[in-house]
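Survey of secondary and tertiary structure
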Amino acid sequence: MGYVSAVPPPRSDASDAAGADAPAADGPGRAAGRRSVAIALLLGALGATVVLLASGRVWARGTAAIADSSLALSAEGREVTGVPAALAIVGLAALVAVFAVRSKGRLAVAALLALSGLGAAASALAGASDRAALDDEAARTTADTAARVAGLTHTAWPYVTAAGGLLILLAGLLALRYGRTWPAMGGRYEREGTARPRPRRASAAPAPDPDRPEDLWKALDRGEDPTG
């Protein structure tokens, strides 16, 4: 009988290092991916909501001279520029679509999400000091094309709109960084190239033996004609 040792064979340093590093590298990456999904959804939805609400607020106020009096004028964000609200809607659509695509398509949608947030913030900041909307309103009110608004003041709502756009931008950057680890929609939402296998039909019951009464009764219970 040969000699049998109870001591396990020594493991190489390379295998030990690989076994120790694999779970450590995989676990934090997956955990970060799960956290990034929730954070991106929160940032994107909150940012789009802020942009849509703040765009409907008054961005600028002023007065227009009519005869010996003055008329108070105001302009909402959508009257100054409709770009932030439009890009917020695009950002919401991209935030949902990022889960419906994979690979390069997901990167493209994530880039669209980030660009929509950047565009919303930039257009809001550009409209923060705009006076064209109130000048047009003064011209319509006074029926004088040369009329200009006086006492022009701006509110903080354009900057709130820009902050909402930055939230959408952050959601897009998270999608670009961690999107490859995010889950996708189920297989029923995807277009498959091959047909799904059909479920197998149950095999037919064996023909009843006329010499065995129990087989005849089982055939009758199944709705079959045992004499056929």
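In case you missed it, the structure is sitting above this.
Scope of this entry: the structure provided in the associated data block. (Residues numbered from 1 in each chain as written. Predicted model: local features only at pLDDT ≥ 70, side-chain atom pairs only at ≥ 80, totals over all residues. Heavy atoms only, no water.)

**Comments concerning the pattern of salt bridges**
Applying the stated criterion across every chain, the model contains 2 salt bridges. Linking R140 and E137 is a salt bridge whose minimum nitrogen-to-oxygen distance equals 2.5 Å. Here the residue R140 and the residue E137 both occupy positions in helix α5 (residues 132-142), the gap between them amounting to 3 residues, near one helical turn. By relative accessible area, which is 57% here, R140 ends up exposed. When its relative accessible area of 27% is taken as the criterion, E137 is described as partly exposed. (Salt bridge = Lys/Arg side-chain N within 4 Å of Asp/Glu carboxyl O. Helix = DSSP H or I, 4+ residues; strand = E, 2+ residues; numbered from the N terminus. Buried < 20%, exposed > 50% of the residue type's maximum accessible area, 1.4 Å probe, protein only.)

**Notes on the packing of aromatic side chains**
For the structure shown, the criterion picks out 1 aromatic pair. Measuring from centroid to centroid gives 5.6 Å for F99 and W182, while their planes differ by 15°, and the two rings are stacked. Taken as a pair, F99 in the loop between α3 (83-97) and α4 (103-126) and W182 in the loop between α6 (157-178) and α7 (213-221) lie far apart in primary sequence, 83 residues in all. Its relative accessible area of 15% is what places F99 among the buried residues. (Phe/Tyr/Trp six-rings, centres within 6.5 Å; stacked < 30°, edge-to-face > 60°.)

**Describing the sheet that holds strand β2 (residues 69-76)**
Spatial ordering of the open sheet is given by β2-β1-β3, a layout of 3 strands whose pairing is antiparallel. With partners counted over all chains shown, the strands left at the sheet margins are β2 and β3 (150-154), one partner each. Between one strand and the next, the sheet's axes are offset by a mean angle of 15°, whatever the strand orientation. Here strand β1 (residues 58-66) runs beside β3; their pairing, made up of 3 bridges, is antiparallel. Pairing of T63 across the sheet is with A150, part of β3. (Pairing = 2+ DSSP bridges. Axes fitted to C-alpha atoms, helices over the stretch in contact; angles between N-to-C directions.)

By themselves these figures say nothing about function.
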